[in-house]
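Now for the letters of each chain:
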Amino acid sequence: MDWVERVAGIRRWSKGGERAPHKPLLLLYALGRFQRHGNRPIPFSAAEAELRSLLKEYGPPRDTSPGYPFHHLTSDGLWLVDTATGPGSPGPELGRLRDSQATGRLHPDLARALSEEPALVARIARFLLDANFAPSLHTDLCLFVGLDLDPLESTGETRTNGIAIRRDPAFRSQVLMAYEYACAFCDYDGWLDGTAVGLDAAHVRWRAFDGPDELSNGLCLCAIHHKLFDKGVLGVSPEHTVTVSARFVGRSGAARNMVTTLAGRPVRSPQPGLEPVETDHIAWHSRQIFRSPARAS
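If you're wondering where the values come from, they're calculated on a predicted model, not measured in any experiment.

The rules behind the values
Residues numbered from 1 in each chain as written. Predicted model: local features only at pLDDT ≥ 70, side-chain atom pairs only at ≥ 80, totals over all residues. Heavy atoms only, no water. Helix = DSSP H or I, 4+ residues; strand = E, 2+ residues; numbered from the N terminus. Rg over C-alpha atoms; globule rule 2.2 N^0.38 Å. Contact = heavy atoms within 4.5 Å. Areas by Shrake-Rupley, 256 points an atom, 1.4 Å probe, with all protein chains shown as cover. Lys, Arg positive; Asp, Glu negative; His and termini not counted. Charge placed at Lys NZ, Arg CZ, Asp CG, Glu CD. Expected span 1.5 Å × (residues − 1). Buried < 20%, exposed > 50% of the residue type's maximum accessible area, 1.4 Å probe, protein only. Salt bridge = Lys/Arg side-chain N within 4 Å of Asp/Glu carboxyl O. Pairing = 2+ DSSP bridges. Axes fitted to C-alpha atoms, helices over the stretch in contact; angles between N-to-C directions.

Novice: Please give an account of the overall build of the chain that cites residues and values.
Specialist: The helix and strand inventory of the chain stands at 12 helices and 12 strands. In terms of overall dimensions, the chain is globule-like: its C-alpha atoms have a radius of gyration of 21 Å, near the 19 Å expected for 297 residues. Along the first, second and third principal axes, the C-alpha set of the chain runs to 65 × 40 × 35 Å. In the chain, of all internal contacts separated by at least 6 residues, the share reaching a separation of at least 24 is 70%. With the model as given, the accessible surface of the chain reaches about 14,300 Å², and the carbon-plus-sulfur share is 51%. Side-chain charges of the chain comprise 34 positive and 34 negative groups, with the mean position of each set lying 7 Å from the other.

Below is the structure:
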């Protein structure tokens, strides 16, 4: 049994390309617990607050109950839920999960495979990260759930149902050249010994959601604005101006200068004759990543 393929086959709600990483987030959380504590049952009452924070920070902009993945992951043969009265989930409602003293754990067959092959934890986690989240979020997400992936060497590829999808190594150089090695939001353009430093090629529509390695889906962003773009603090309007989430709070002068004052600022255009970001990719980011509403400019 190939457990990575089993994980790739998780059934997820899907509509119009919307993100639904609820089950993957619970699995990453459970893998982190497994690394630290083995396959001990996880009481819903103890996990509820952590899952809620995880979904709020790394899930889609819409609110989602932590009861949803805790219950529905049982349908994929990877996760079991028991209550004080016996096996079986009482449903996704928070009250029922609490009142029944529900606990969750990885399926014993999966837990056995993870114990026999410790590197399988990293393989499954890497698949879940690559298939559901922007690369700039992977390290922070692993820290959040307590996962240590040091034994795994990144291969620069995503596997979906066993098919390797390699990142185009030319994407970064094409995007940075198009934007003349300057951040499209703040114009930062640092160099060190003849090499651009602190600049990334950001995917507007994430690769995990069919975003291509093409200039029409790329922006040159400095490292901090790339992270804030992937977290939904920053976005791009249909008029190609920077949007700043009204939910972002920054009281220092640095936060104001680096973030809030960007609201309404024109996004830098690529060199003449090169493709700007496609409207469809901007619209996807606005729906799926940006934390609306936007701050007034």
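Novice: Run through helix α7 (residues 119-132), naming residues and quoting values.
Specialist: Compared with the 20 Å implied by 1.5 Å per residue over 14 residues, the 20 Å span of α7 between its first and last C-alpha is a close match. Among the 14 residues that make up α7, 11 are buried, leaving the element largely enclosed by the rest of the structure. Among all positions in α7, only Leu-120, Val-121, Ala-122, Ile-124, Ala-125, Phe-127, Leu-128, Leu-129, Asp-130, Ala-131 and Asn-132 are buried.

Novice: I'd like to hear about the pattern of salt bridges, residue by residue, with values.
Specialist: Any two side chains of opposite charge can pair, on the condition that their charged atoms come close. This structure, assessed with the given rule, holds 13 salt bridges. Here Glu-180 ties to Arg-268 by a salt bridge, and the two come within 3.7 Å at their closest N and O atoms. Taken together, the positions of Glu-180 in the loop between α9 (170-178) and β7 (191-192) and Arg-268 in the loop between α11 (253-258) and α12 (279-288) put the pair 88 residues apart, joining distant regions of the chain. By relative accessible area, which is 26% here, Arg-268 ends up partly exposed. Measuring nitrogen to oxygen at the nearest pair gives 3.1 Å for the salt bridge that ties Arg-268 to Asp-187. Within this pair, whereas Arg-268 is found in the loop between α11 and α12, its partner Asp-187 is found in the loop between α9 and β7, the two being separated by 81 residues in sequence. The network of salt bridges with shared partners includes Glu-180, Asp-187, Arg-265 and Arg-268.

Novice: Pulling in residues and values, what's your account of the sheet that holds strand β1 (residues 42-43)?
Specialist: The strand order across the open sheet formed by four strands is β1-β4-β2-β3, and the pairing between neighbours is antiparallel. The open sheet is flanked by β1 and β3 (86-87), the only strands paired with a single partner. Pairing between strand β2 (residues 79-83) and strand β4 (residues 103-106): four bridges, direction antiparallel. Considered in β4, the bridge of Val-81 is made with Gly-104. Where helix α2 (residues 22-37) meets the sheet, its contacts fall on β1, β2 and β4, and the angle it forms with β4 comes to roughly 80°.

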